[in-house]
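Summary of structural features
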Amino acid sequence: MGETNWSEFELIDTFFNRHEIGLPREIITGIGDDAAVIRSDKKTLLLITNDLMIEDIHYRTSWMPPFDLARKLVRINVSDIAAMGGQPTFGLLSIGLPSPLAENWLQAFSQGLSQELDAFGITLIGGDTSQSPGPIIAA
């Protein structure tokens, strides 16, 4: 097969969408919307989202300092939950960072993240950290 420039929705439809066939009945809304909707119990629905930011694609370090990057990362994910009528409660942070990376970059990112999570009443409950060979990647 040759190479193709795929749009986000073409990728989802072609390779990742199971078209709701065989999904557990707890999944109300799956892939392709702002957030997944999962029935937790008879009265509770959970909204789950995961937007990411990639250096030199979604932002450039020359015009977005780490403090603002962290704040934007929280806001784009909060926006997805709000678009579905939900209220964010918990968050995960996955981040790939080049090495070495200045401690002041990490400090500013951490401060922006904490400030924004606190503003929305979100508790950070986990995620993943990894080394990246190039750009900073955060979700």
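Relevant structure appears above.
Just so you know, the residues in each chain are numbered from 1, in the order the chain's sequence is written. Per-residue local features of the predicted model are confined to residues with pLDDT of at least 70, and side-chain atom pairs are confined, for both listing and counting, to 80 or more; whole-chain, interface and lining totals are unaffected and use all residues. Values reported for side chains reflect all heavy atoms of the structure, with hydrogen atoms and water molecules removed beforehand.

**What about the sheet that holds strand β4 (residues 53–54)?**
In this analysis, strands are considered paired if DSSP registers two or more bridges between them. Under the DSSP-based scheme used, a helix requires at least four consecutive residues in state H or I and a strand at least two consecutive residues in state E, with every element numbered from the N terminus. Taken in spatial order, the four strands line up as β4-β7-β5-β6 in an open sheet, and their pairing is mixed. Looking along the sheet, the strands with just one partner apiece sit at the ends: β4 and β6 (123–131). In this structure, strand β5 (residues 90–97) lies alongside strand β7 (residues 137–138), joined through two bridges in antiparallel fashion. The partner of Gly 96 across the bridge, within β7, is Ile 137.

**Focus on the environment of Phe 109**
Structurally, the position occupied by Phe 109 is in helix α3 (residues 103–120). Burial classes: relative accessible area under 20% of the type maximum marks a residue as buried, over 50% as exposed, and values in between as partly exposed (1.4 Å probe, protein chains only). On the accessibility criterion, Phe 109 (5% relative accessible area) is buried.

**A closer look at unusual backbone geometry**
Along the chain, Ser 99 connects to Pro 100 via a cis peptide bond; the corresponding omega equals 5°. With respect to the helices and strands, the residue Pro 100 is situated in the loop between β5 and α3. One non-glycine residue, Asp 56, lies in positive phi territory at about 70°. Mapping Asp 56 onto the fold places it in the loop between β4 and α2 (66–83).

**So, the packing of aromatic side chains**
Only centres within 6.5 Å qualify two rings of Phe, Tyr or Trp (six-membered ring in Trp) as a pair; their planes then separate them into stacked at under 30 degrees, edge-to-face at over 60, and tilted for everything else. One pass over the structure, following the stated rule, counts one aromatic pair. For the ring pair Trp 105 and Phe 109, a centre distance of 5.3 Å and an interplane angle of 10° mean the geometry is stacked. A residue pair is termed a helical-turn pair when its members lie 3 or 4 positions apart in one helix, as Trp 105 and Phe 109 do in helix α3 at four residues.

**Remarks on the sheet that holds strand β3 (residues 45–48)**
An order of β1-β2-β3 is seen for the three strands of this open sheet, with the pairing classed as antiparallel. At either margin of the open sheet sits one strand with a lone partner, and together these are β1 (27–29) and β3. In this sheet, adjacent strand axes meet at a mean angle of 30° when their direction is disregarded. Pairing analysis gives two bridges linking β1 to strand β2 (residues 36–39), with the strands arranged antiparallel. The convention used is that axes are lines fitted to C-alpha atoms, helices contributing only their stretch in contact, and that angles between N-to-C directions extend from 0 to 180 degrees.

**Focus: the nonpolar core**
Residues belong to one nonpolar core when they are buried, are Ala, Val, Leu, Ile, Met, Phe, Trp, Tyr or Cys, and are joined through side-chain atoms within 4.5 Å. Leu 69, Phe 109 and Leu 113 are the most contacted members of the largest nonpolar core, which has 18 residues in total. Counting residues per element, the ones that place at least two in this core are α2, β5 and α3. The element best represented in this core is α2, accounting for five residues. Not counting chain neighbours up to four residues away, the residues in contact with Phe 109 comprise Pro 66, Phe 67, Leu 69, Ala 70, Leu 73, Leu 93 and Ile 95. Residue contacts are counted whenever heavy atoms from the two residues lie within 4.5 Å of one another.

**Looking at the packing of α2 against α3**
Between α2 and α3, the least distance of the axes is 6 Å, while the angle of their chain directions is 35°. The chirality of how α2 crosses α3 is right-handed. Contacts between α2 and α3 involve Pro 66, Phe 67, Leu 69, Ala 70, Arg 71, Leu 73, Val 74, Arg 75 and Val 78 on the former and, on the latter, Trp 105, Ala 108, Phe 109, Gln 111, Gly 112, Leu 113, Gln 115, Glu 116, Leu 117 and Phe 120. Its residues assigned to classes, the contact of α2 with α3 shows 13 nonpolar, three polar and three charged. Should the near helix be turned counterclockwise from the far one by less than a right angle, the crossing is left-handed, whereas a clockwise turn marks it as right-handed. Put simply, Ala, Val, Leu, Ile, Met, Phe, Trp, Tyr, Cys and Pro go in the nonpolar bin, Asp, Glu, Lys and Arg in the charged bin, and everything else, Gly too, in the polar bin.

**Comments concerning the environment of Leu 45**
Structurally, the position occupied by Leu 45 is in strand β3. Distance in space between the C-alpha atoms of Leu 45 and Ile 27 is 9.5 Å, their sequence separation being 18 residues.

That is the geometry; function is a separate question.
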